[in-house]
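One letter stands for each residue in the lines below.
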Amino acid sequence: MTQVVRIEQPGGPEQMKLVQVDVGEPGPNEVQVRHHAIGLNYIDIYQRSGLYSLPLPLTLGMEGAGVVEAIGRDVHHLALGDRVAYASQPPGSYSELRNLPATSVCQLPDAIDFETGAAMMLKGLTAQYLLRKTLPAGGLEAGDFVLFHAAAGGVGLIACQWARALGLQLIGTAGSDEKCALARENGAAHVINYRTENFAERVKDITGGQGVKVVYDSVGKDTFEGSLDSLRPFGLMVSFGNGSGPVPPVNLGTLGAKGSLYITRPTLFTHIATREGTQEMANELFDIVGSGQVKIPINQRYALADVQQAHRDLEERRTTGASVLLP
Ligand SMILES: NC(=O)c1ccc[n+]([C@@H]2O[C@H](COP(=O)([O-])OP(=O)(O)OC[C@H]3O[C@@H](n4cnc5c(N)ncnc54)[C@H](OP(=O)(O)O)[C@@H]3O)[C@@H](O)[C@H]2O)c1
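Everything numeric here is computed off the predicted structure, so don't read it as measured data. In this convention, every chain numbers its residues from 1, walking through the sequence in written order. Local features in this predicted model are restricted to residues of pLDDT 70 or higher, and side-chain atom pairs are both shown and tallied only at a pLDDT of 80 or more, whereas totals for entire chains, interfaces and linings draw on every residue. Excluding hydrogens and water, the side-chain figures rest on all heavy atoms present in the structure.

Draft legend 1. Looking closely at the overall build of the chain. Here a strand is any run of E in DSSP of at least two residues, a helix any run of H or I of at least four, and the numbering for each starts at the N terminus. Each helix and strand in the chain was counted, giving 10 helices and 16 strands. To get the radius of gyration, use the C-alpha atoms; to get the globule rule, take the number of residues to the power 0.38 and multiply by 2.2 Å. At 20 Å, the chain has a C-alpha radius of gyration in line with the 20 Å of a compact globule built from 327 residues. Dimensions of the chain, computed from the C-alpha atoms along their principal axes, are close to 60 × 40 × 35 Å. Burial status across the chain gives 56% buried among its 327 residues. With residues, only the protein chains shown are counted as cover, and all accessible areas are computed by Shrake-Rupley using a 1.4 Å probe. Taken as a whole, the chain presents about 13,400 Å² of accessible surface, with 49% of it coming from carbon and sulfur. In this scheme, a residue with accessible area under 20% of its type's maximum is buried, one over 50% is exposed, and one in between is partly exposed, where area comes from a 1.4 Å probe on protein chains only.

Draft legend 2. Broad picture of the environment of V191. For V191, the location among the structural elements is in strand β11 (residues 190-193). Each C-alpha atom, one on V191 and one on T254, is 27 Å from the other, the two residues being 63 residues apart in sequence. Any two residues whose heavy atoms approach within 4.5 Å are treated as being in contact. Here V191 is in contact with G172, C180, A183, R184 and R202, once residues within four sequence places are set aside.

Draft legend 3. Examining the packing of aromatic side chains more closely. Stacked, edge-to-face and tilted labels apply to pairs of Phe, Tyr and Trp rings (six-membered ring for Trp) whose centres lie within 6.5 Å, assigned for plane angles under 30 degrees, over 60, and everything in between, in that order. Within the structure shown, the criterion is met by 4 aromatic pairs. Taken together, Y42, Y46 and Y52 form an aromatic cluster joined through their ring pairs. Our definition puts a charge over a ring when NZ of Lys or CZ of Arg is within 6 Å of the ring centre and also within 35 degrees of the ring normal. Positioned above the aromatic ring of F114 is the side chain of R83, whose terminal nitrogen or guanidinium carbon lies 4.6 Å from the ring centre.

Draft legend 4. The arrangement of unusual backbone geometry in detail. In this chain, L56 is followed by P57 through a cis amide linkage whose omega measures -5°. Topologically, P57 is positioned in the loop between α1 (42-49) and β4 (58-59). With an omega dihedral of -10°, the bond running from Q89 to P90 counts as a cis peptide bond. Checked against the element boundaries, P90 lands in the loop between β6 (83-87) and β7 (97-101). Unusually for a residue other than glycine, S260 sits at a positive phi of about 50°. Among the secondary structure elements, S260 is positioned in the loop between α7 (253-257) and β14 (262-264).

Draft legend 5. Structural view of the packing of α1 against helix α10 (residues 307-315). Note on method: axes are straight lines fitted to C-alpha atoms, helices fitted across the in-contact stretch only, with angles between N-to-C directions ranging 0 to 180 degrees. Across the interface, α1 lies against α10 with an axial gap of 10 Å and an inter-helix angle of 110°. By the angle class used here, α1 and α10 are roughly perpendicular. In contact with Y42, D44, I45 and R48 of α1, α10 contributes H311, L314 and E315. Looking at the contact of α1 with α10, its residues break down into 3 nonpolar, 1 polar and 3 charged. Roughly parallel means an angle under 35 degrees; roughly antiparallel, over 145; roughly perpendicular, 65 to 115; everything else is oblique. All residues other than Ala, Val, Leu, Ile, Met, Phe, Trp, Tyr, Cys, Pro, Asp, Glu, Lys and Arg, Gly among them, are scored as polar; the first ten of these are nonpolar and the last four charged.

Draft legend 6. View of the site of the ligand. Any residue with a heavy atom lying within 4 Å of a molecule or strand is counted as near it. Every one of the 28 residues lining the ligand counts as a neighbour, but G175, K179, Y194, L268 and R317 are closest to it. Under the rule applied, a polar contact is a pair of N or O atoms within 3.5 Å (in protein, one hydrogen donor and one hydrogen acceptor; residues adjacent in sequence only if both atoms are side-chain atoms). In this structure, an oxygen atom belonging to the ligand sits 2.8 Å away from a side-chain N or O atom of Y129. Between the ligand and Y194, the relevant distance is 2.5 Å, taken from an oxygen atom to a side-chain nitrogen or oxygen of the residue. Taking 900 Å² as the accessible area of the ligand by itself, protein coverage stands at 92%. Secondary structure elements with two or more residues in the shell around the ligand: α1, α2 (114-133), α3 (154-166) and α10.

Draft legend 7. How the structure looks around α10. Within α10, burial applies to V307, A310, H311, D313 and L314. Projected onto a plane normal to the axis of α10, the buried residues spread over an arc of 165° and lie on a single side. Elements that come into contact with the buried residues of α10 comprise β1 (2-7), β3 (30-40), α1, β15 (298-303) and β16 (322-326). Among the residues trailing α10, R317 stands out with phi positive, at a value near 65°. The arc in question is the one traced by the directions running from the helix axis out to the C-beta atoms.

Draft legend 8. Here's a closer look at the environment of G256. With respect to the helices, strands and loops of the structure, G256 is situated in helix α7. For the pair G256 and L285, spaced 29 residues apart in sequence, the C-alpha separation works out to 36 Å.

Draft legend 9. Quick look at the nonpolar core. Only buried Ala, Val, Leu, Ile, Met, Phe, Trp, Tyr and Cys residues count toward a nonpolar core, and they belong to the same one when joined by side-chain atoms within 4.5 Å. Counting residues in hydrophobic clusters, the biggest one holds 58 residues, and the most contacted among them are M121 and Y216. For this core, the element with the highest residue contribution is α2, accounting for 11 residues. Counting residues domain by domain, this core receives three or more from each of domain 1 (2-123 + 269-326) and domain 2 (137-264). Beyond its immediate chain neighbours, meaning those up to four positions away, Y216 contacts L130, L131, T134, L135, L140, V146, L147, F148, H149, V238 and F240. Here the limits of each domain have been adopted from an automatic or database domain assignment.

Draft legend 10. Region of interest: the sheet that holds strand β2 (residues 17-21). Only strands that DSSP links by at least two bridges are regarded as paired with each other. The strand order across the open sheet formed by 3 strands is β2-β1-β4, and the pairing between neighbours is antiparallel. In this open sheet, the two strands that pair with only one neighbour each are β2 and β4. Pairing of β1 with β4 involves 2 bridges; the strand directions are antiparallel. Across the sheet, the residue bridging to R6 is T59, located in β4.

Draft legend 11. Layout of the pattern of salt bridges. A pairing counts as a salt bridge when a side-chain nitrogen of Lys or Arg comes within 4 Å of a carboxyl oxygen of Asp or Glu. Applying the stated criterion across every chain yields a total of 12 salt bridges. The partner of R34 in a salt bridge is E69, with the nearest N and O atoms 2.7 Å apart. Of this pair, R34 sits in strand β3 while E69 is found in strand β5 (residues 63-71), placing the two residues 35 residues apart along the sequence. Put simply, E284 and R132 hold a salt bridge, and the shortest N to O gap is 2.5 Å.

Here it is as structure tokens:
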């Protein structure tokens with residue numbers, strides 16, 4: 001029997017309970033991982049609250065790192081005892097031990113510890129696909145301006161550092177002056193406290209009236225309109241999250257009126273649907289972390305049993321950088 005965090009119905013953090021389950025043997029395409037650390041992500045809150053509806057009862061958690069304890073017969077890229085890390089569907093990483101599809105499970109380089117591995121896969125692979133694969137027409141070049149909301153968060157601090165490594169001028173928004181300072185320390189070229197300043201106006205000032213080539217917006221409802229107003233003509237709006245609530249339906253005519261804008265609503269799980277694709281992205285992430293250009297800031301650690309507090313801190317905007325749960 002192993003300990004997992006389950007919800008029986010969607011709702012607040014109090015819905016999460018520690019229970020004992022028997023995980024059984026891994027299926028033919030699965031691997032069994034004993035977690036040393038578990039990544040906490042904002043998507044866990046959408047799944048817990050019911051914004052993203054999933055079959056119940058549900059063990060939450062999409063990210064983790066640990067050691068392979070058993071392998072399905074059709075899995076060939078892993079061996080017993082391997083140190084591994086993953087971002088993966090379906091949820092289930094809030095657990096001591098689990099079985100999961102092997103597709104997106106990667107060997108963890110020796111130089112990367114388990115906590116870092118657990119904190120970097122979902123958030124780091126997201127920063128990778130955003131800054132390297134979700135680009136405006138003509139791509140991005142050193143010196144270009146991009147706007148990145150929630151820049152002091154888990155994905156945000158990784159993106160600040162990665163953008164600096166690419167030579168981009170990342171304008172980061174955050175909800176306090178302390179968070180703004182942290183984003184700047186991590187590589188944001190400019191920062192805006194979007195609780196006290198009109199960020200679209202500030203972006204226009206910073207860019208000499210031009211606007212940015214791309215907005216990476218995970219805040220959703222509260223920032224959507226201002227994000228469109230921050231783009232230059234033909235700019236790209238990347239709406240990749242709902243921190244403040246989902247974006248209401250969009251009138252496509254608005255995109256024409258605001259300068260023939262492009263819009264996309266990507267998810268990491270399309271990018272990591274294949275083993276080859278996942279490994280290619282992970283290699284780039286491991287390389288940039290290995291080079292020291294991107295450090296994974298683990299600013300909160302919680303025992304697995306304290307998961308309710310971890311969720312409260314994340315949704316009440318008390319965290320910065322990444323958080324891990326320790327089984
Ligand atoms: N589509 C994808 O592939 C994908 C993958 C990974 C993550 N995401 C999204 O990216 C975002 C960041 O994920 P994360 O796990 O790294 O979380 P996070 O950024 O560490 O935490 C979310 C942050 O959003 C900001 N925020 C703004 N308005 C908010 C509100 N009304 N309520 C709560 N938070 C608010 C807060 O920062 P401030 O206080 O600075 O405003 C908060 O710290 C999430 O929206 C997540 O869903 C999407």
